[in-house]
Each structure stands twice: as C-alpha cells, then as structure tokens.
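Each chain, written out:
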Amino acid sequence: MKNEFQVIADLIEKDKKVLDVGCADGTLMKFLKDNKNINIRGLEISKEKVQECIAKGLTVIEGNAEKDLKQFPDKSFDYVVLSQTLQAFLNPELVLDELLRVGKKAIVTIPNFGYWKVRFHLLFKGTMPITKTLPDEWYNTPNLHMCTIKDFFHFVKSKDIKIFKSLALNNLNSSIINESNLGVKNLFADLGIFLIEK
Amino acid sequence: MNTEKNIKTLIVKKPLKLDCGKTIKDFPIAYETYGSLNSKKDNAILVFHALTGDQFVTGINPVTNKEGWWSYAVGPDKAIDTNKYFVICSNVIGGCMGSYGPSHKDPDQKIFGTNFPVITINDMVNAQYNLLDHFGIDKLFSITGGSMGGMQVLQFISNFPDKSKTVIPIATTSSHSAQNIAFNELGRQAITADSNWKDGNYTSSDTNPGKGLAVARMAAHITYLSKKGLQEKFGRKLQEREDLKFGFDADFQIESYLRYQGSVFVDRFDANSYLYITRAMDYFDLAKQFNGNLSEAFINTNAKFFIISFTSDWLYPTQENKDIVIALNSIGADVGFVEIESDKGHDSFLLDVPDFLSALKNFLDKSYEKN
C-alpha cells in the first residue's frame, strides 16, 4: 500500500464510519476495514474499479462525486477521504463544501504543483511538468485545477475551514506543515495531506 | 396447463388479509428449492420471480421442459451457487404455476376468473413469508430478484426488516412509472379485446384468449430489449425469403421472432394471471406506503443492500434503481450499487452478462464469508 494511504490511515481512529470518495480499487478501504474496524463506504466512478471493490467484499456505490455526494445526509460520516482527486473536478470548491457537509471531518490530499521538480520541469524544459504524482501529458490529464500546497492552505483558510493537521509527504517522509514552514514545504513535498473540518 | 405431480405446494392455513380488503386462507403456494439447507439454516436465499416467471428457477422446468428462467445465475458453481446456498423460489399468488390464482376454484367450486381478488406485491410477499416458517428458517441469508422480483425484494425487507441478512434488488423500481403502467395496460387491453376472453370465463366456455395474450407478450417483449440489441440481432433481415412479399406475412425476422415469442408464451401462461400480475405491478408504490418517504420503508432494517441496474434497461432505468440507493443512503443504510454495461436491455439480468454475474457472485460469497 502506498505511503499516502498509511498516513491517511494514521489520521483515522478505530471503529469510525468513513466514506472514501473516488475509492478506486478499494485498497485504502480494505486496509481501514481490516486493520481499524472502520465502517467503510466507497464512491467510485469507474465500473471496473467498482467491480474490483465488490470482489474485495467492500460496500461501494458507483457514482460521481460532483453529483452523488448530495444524497448523503449532513455529518453522516466521521471522516470523508478524498485522495488526489480534488484537482480533477469541474468545481473543486463545491466538492470540498460537500465533503465537509457529509463528513464531520475530511481528509484531502493534493498533488503539489509547487514541488521543486514540477517548478524545475516548467522552468528549464518549458513544457508541462510530468512527475510521479502527475504522470499524464497536458492533453490527457484528468487534472483541471492544479494547485500548490500553499494555494490549498490559503484557500481553506479563506473559507473559514479549520485545519486540524496538514502534512507534507515526500517519498516516505511525512512532516507537519504550519504557517512558518509553508514556503519550504511547498517546495519540497510532492503531496499535501490535510485533515480539515467546517 | 399444469402437470400437478411435479409441483410442490405448501397449503397456507393462516388467513391472509389482502390489500383489497378480502381475506384468503387454506390457499396453496407452489414452490421449488435447489441445494440444501445447512444445519445452521443460515444459507437460504429466497428468489422472487418476475412477471412471467415461476418457481422453476434453474435446471429443466418440469412443466414446460425448458430451461429455468434464471439458469445463467443459479446452479452449482454459478453466481448463486447451489453447492453452497439453499435457494427457494415460489410462484406468486395470482400466478398460474400452482399458487393460488384466477385459474383456481372458489369455495363454491367455480373457477375464479376475474372474481379472484386483486392482489398486490405486498400480498405476494406476505404469502411467501409462510415459506420461512415451513422450512424453519429464522433469517434468510439473502433475498433477490429482478424486475417484479426486485419489487418483491423491496417490499419483503420493508415488511420483515430483520428476516434477511442481505438484499439484492435488480433492474427494478420502487414505484411503477406512467410508462410502465401504460405498457401493462396495452397488454391487458390486448387480452380483454380477444373475443375468446369472455370476461375472464374462458375456461368454462373451453376457449382461450391466446391471440390477445400473444399480442400482450409481443408488446412486452419489445420493452425487455434495447433498440441497439434488436438492431444488432435482427436489423432489417428478412425471414426465409429473398425479398419483400408485399403482404402482411412475417417478412422480417423481428416479426417472426415476436410471433414465436407470443405463441410459446400462450402455451405456458394464463391470460387472467397476466391481468392480475400486471395489475399488482402497477399498484406498486413503496414510497406511497410511507407517506411519500421511501427511506421510511427501510428505516428498521440493518440488512446489507446491493442494487444492480443495466445501462440499456429503459423499462426500469438506472435512475429508478438509484432512487432506491439514494433513499437508503439518506438513512445511512449499508448499500452498494453498480450499473452494469450491457446492450441487452431489461432482460440483461436473465442473460449471460458476465460482469453482472460476477458482481452478484462476489457480493454473495464475500457477504457469506463474513457470517
């Protein structure tokens, strides 16, 4: 399981009710269910991935986060997880609002466009950056709204969203992000993980 | 029509009050079982059949000598694995494969015909509930069915919220739409317009409204398929001829196919049963039973739901299946949902659609493991 999922799992206490939005093949769901006794649900747009989840015995709903989150009542989950997908929505702000409505807390991870390799790629090659977390070409990437850790940090603050914990992930190392080290973390982390609440 | 010796029946002694206000008692429910009930009695699956189905789910139907209606899904090593699970299915009341219906005799020994009480989906499941007592099953492992079978699934878990561990409604709806009712009415009109129907008393006058029933079946059959599926299978292909004949014989293969579907149906199905069962479907509106709030229908159950729809099903489209998912999610129920890609229309649930069959199998087997 990728390190990002381990960090997410560490943020969630045992026996909670969790919704994994864009749960893909259910790797994180299965881990949470087996290791933390989490009452876990998934929402996934790909039929193929939904089948993989069913084969793992996971409860998953085929659907689209931009349309289908509205069916869940307010604060019906302890945590709602959204891993590296926010930037792919037509309206990320709306999705973020929905995550925080449905979940008592939300865990959102974002590929960091401020990562030094991304910056170097654009600066020196002059072409759209391709990295481990951003593997697609500009013409076939699902990402519509790329942002940096700094962008996201300021964005949630401006929306009066409370940040409980923000972590910078670089390969296997995770570290705390705060106001004072934001500039540095924004340069050296390829992924940001935010535990937030509204 | 029925060779009674092949039909197992349970005589329900307990009076059953029907939605129409009448009470029936000492009535037969015809059923069939597959596989065996284990000692813990925790492996039973109650399957509900659709409009024209019957209790003979799989293997050779002993009355028609044809494959059971869900042979693709049910049997040894299949999605609903009868090596593992004990499958029970019964003919709905109002039906014509041995359960109490319009071809039965009333207490005065006269054939009911249209004097049989109008029944509902609710009446059907209340009647079938008696099978649990009969087999000494406290809790089913699963209930499932497609189309009208799915309606019975929804009604059953609403009526008996703690009687099934898992619940699998397939290609169904919680409320019959105007379009659904319209197609059913077309079928009923075809039957009652046949002069041999004789106000439902065709048996005593030794006739059969076969033409009307065949037209009803032909019209309904079109609704079970998709436009794309029909086009790919038949297109404008001609039936055993080189060119158009400039007449009203079956020039096109699709015509010949529908006529065949109509004619074989007449041999196995009772026209009055068709009226009664389509009426029950039309009356089905689960939300209405709960003052318009569908979620209320499921508020008392802890069962695990898995809802399946098909992309090309325009009779019970994905959105109507999703409405059930939404109602369940709004009360925090345990519900999974998948829409299966298929161009086989509403009939997809009866056919060899691998993604559907594997989803069904995986859901059942994984849920059973956790027992």
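Residues numbered from 1 in each chain as written. Chains lettered and ligands numbered in written order. Predicted model: local features only at pLDDT ≥ 70, side-chain atom pairs only at ≥ 80, totals over all residues.

All right, on to the overall build of chain B then. When you go through chain B residue by residue, the secondary structure sums to ten helices and twelve strands. Taken over the C-alpha atoms alone, chain B extends approximately 65 × 50 × 40 Å along its principal axes. Counting the 371 residues in chain B, one finds 48% classified as buried. For chain B, restricting intrachain contacts to residue pairs at least 6 apart in sequence, the fraction spanning at least 24 positions comes to 70%. (Helix = DSSP H or I, 4+ residues; strand = E, 2+ residues; numbered from the N terminus. Buried ≥ 20, exposed ≤ 12 C-beta atoms within 10 Å, placed from the backbone. Contact = placed C-beta atoms within 7 Å.)

Of regular secondary structure, chain A possesses eight helices and eight strands. Its C-alpha atoms give chain A principal-axis dimensions of about 45 × 35 × 30 Å. Residues counted as buried form 42% of the 198 residues belonging to chain A. Contacts in chain A between residues far apart in sequence, at least 24 positions, make up 64% of those at least 6 positions apart.

The subject of this paragraph is the nonpolar core. In this structure, Val80 and Leu99 of chain A together with Ile45 and Val87 of chain B are the most contacted members of the largest nonpolar core, which totals 160 residues. Counting residues domain by domain, this core receives three or more from each of domain 1 (4–176 + 285–369) and domain 2 (181–278) of chain B. Dropping the residues within four chain positions of it, Ile45 of chain B is found in contact with Ile80, Tyr85, Phe86, Val87, Leu140, Phe141, Ser142 and Thr144 of chain B. (Core = buried A, V, L, I, M, F, W, Y, C linked by C-beta atoms within 7 Å. Domains from an automatic or database assignment.)

If you look at the interface, chain A gives 14 residues, while chain B gives 19 residues. At the level of secondary structure, the elements contributing two or more residues to the side of chain A that touches chain B comprise helix H3 (47–55) and strand S3 (59–62) of chain A. Take the side of chain A that touches chain B: its biggest share by element is five residues, from H3 of chain A. Its residues placed into classes, the side of chain A that touches chain B shows seven nonpolar, five polar and two charged. (Nonpolar A, V, L, I, M, F, W, Y, C, P; charged D, E, K, R; others polar.)

With that settled, consider the packing of H3 of chain A against helix H10 (residues 354–369) of chain B. Pairs of packed helices are described in terms of their axes, by the angle between the two and the distance that separates them. Contact geometry for H3 of chain A and H10 of chain B: axes closest at 8 Å, N-to-C directions at 30 degrees. Comparing their axes, H10 of chain B and H3 of chain A come out roughly parallel. In this structure, H3 of chain A contributes Gln51, Ile54 and Ala55 of chain A to the contact, and H10 of chain B contributes Asp355, Ser358, Ala359, Asn362 and Phe363 of chain B. Here the contact of H3 of chain A with H10 of chain B is composed, by residue class, of four nonpolar, three polar and one charged. (Axes fitted to C-alpha atoms, helices over the stretch in contact; angles between N-to-C directions. Parallel < 35°, antiparallel > 145°, perpendicular 65-115°, else oblique.)

Residue and element names in this part refer to chain B. Splitting chain B by domain gives domain 1 (4–176 + 285–369) and domain 2 (181–278). Averaged C-alpha coordinates put domain 1 and domain 2 at centres separated by 26 Å. Opposite the 25 residues of domain 1 that make contact, domain 2 presents 20 residues. Taken together, the residues of the side of domain 1 that touches domain 2 break down into ten nonpolar, twelve polar and three charged.

Residue and element names in this part refer to chain B. Taken N-terminus to C-terminus, the directions of helix H4 (residues 178–192) and helix H8 (residues 271–283) make an angle of 160 degrees; their axes are 10 Å apart at the nearest point. Taken together, the axis directions place H4 and H8 in an arrangement best described as roughly antiparallel. For the pair H4 and H8, the crossing hand works out as left-handed. On H8, the residues that touch Ile181, Asn184, Gly187, Arg188 and Ile191 of H4 are Ala271, Tyr274, Leu275, Thr278, Met281 and Asp282. Partitioning the contact of H4 with H8 into residue classes produces six nonpolar, three polar and two charged. (Left-handed = near helix turned anticlockwise from the far one by under 90°.)

In this section: the environment of Lys14 of chain A. Residue and element names in this part refer to chain A. Secondary-structure assignment places Lys14 in the loop between helix H1 (3–10) and strand S1 (17–21). Along the chain, Lys14 and Lys33 lie 19 residues apart, while their C-alpha atoms are 9.4 Å from each other. In this structure Lys14 touches Lys36 and Asn37, once residues within four positions along its chain are discounted.

The next subject is the pairing of strand S9 (residues 140–146) of chain B. Two faces make up the sheet, and in a regular strand the side chains alternate between them. Residues and elements named next belong to chain B. Buried residues dominate S9, accounting for seven of its seven residues. Here strand S5 (residues 44–47) runs beside S9; their pairing, made up of three bridges, is parallel. When the bridges of S9 are listed, Leu46 appears paired with Ile143. In this sheet, strand S10 (residues 164–170) lies alongside S9 in parallel orientation, the contact comprising six bridges. The residue bridging Ile143 from the neighbouring strand is Val167, located in S10. Crossover S9 to S10 through helix H3 (residues 148–159) is right-handed. (Pairing = 2+ DSSP bridges. Right-handed = clockwise from strand over helix to strand, strands pointing away.)

All names here are of chain B. With respect to burial, S10 is a largely interior element, six of its seven residues being buried. By the bridge criterion, three bridges tie S10 to strand S11 (residues 304–310) in an arrangement that is parallel. What sits directly across from Val167, in S11, is Phe305.

Attention now goes to unusual backbone geometry. If you check the backbone angles, Asp160 of chain A has positive phi at about 60 degrees while not being a glycine. As for its position among the elements, Asp160 of chain A is in the loop between helix H7 (149–158) and strand S6 (162–170). According to the C-beta neighbour criterion, Asp160 of chain A is exposed, with 7 such atoms within 10 Å. We note that Lys41 of chain B has phi near 55 degrees; this positive angle belongs to a residue other than glycine.

With that settled, the discussion passes to the environment of Leu154 of chain B. All names here are of chain B. For Leu154, the position within the fold is in helix H3. Looking at Leu154, the number of C-beta atoms within 10 Å reads 29, which means it is buried. A sequence separation of 33 residues divides Leu154 from Ile121, and the C-alpha atoms of the two residues are 9.7 Å apart. Residue contacts for Leu154: discarding those within four places in its chain leaves Pro169, Ser174, Leu286 and Ile324.

Right, let's talk about the environment of Met124 of chain B for a bit. Residue and element names in this part refer to chain B. Here Met124 lies in helix H1 (residues 121–128). Of the residues examined, Met124 has 28 C-beta atoms within 10 Å and is grouped as buried. Between the alpha carbons of Met124 and Gln261 there is a distance of 27 Å; along the sequence they are 137 residues apart. Residues in contact with Met124, not counting those within four places in the same chain, are Val92, Ile93, Ile119, Gln152 and Ala280.

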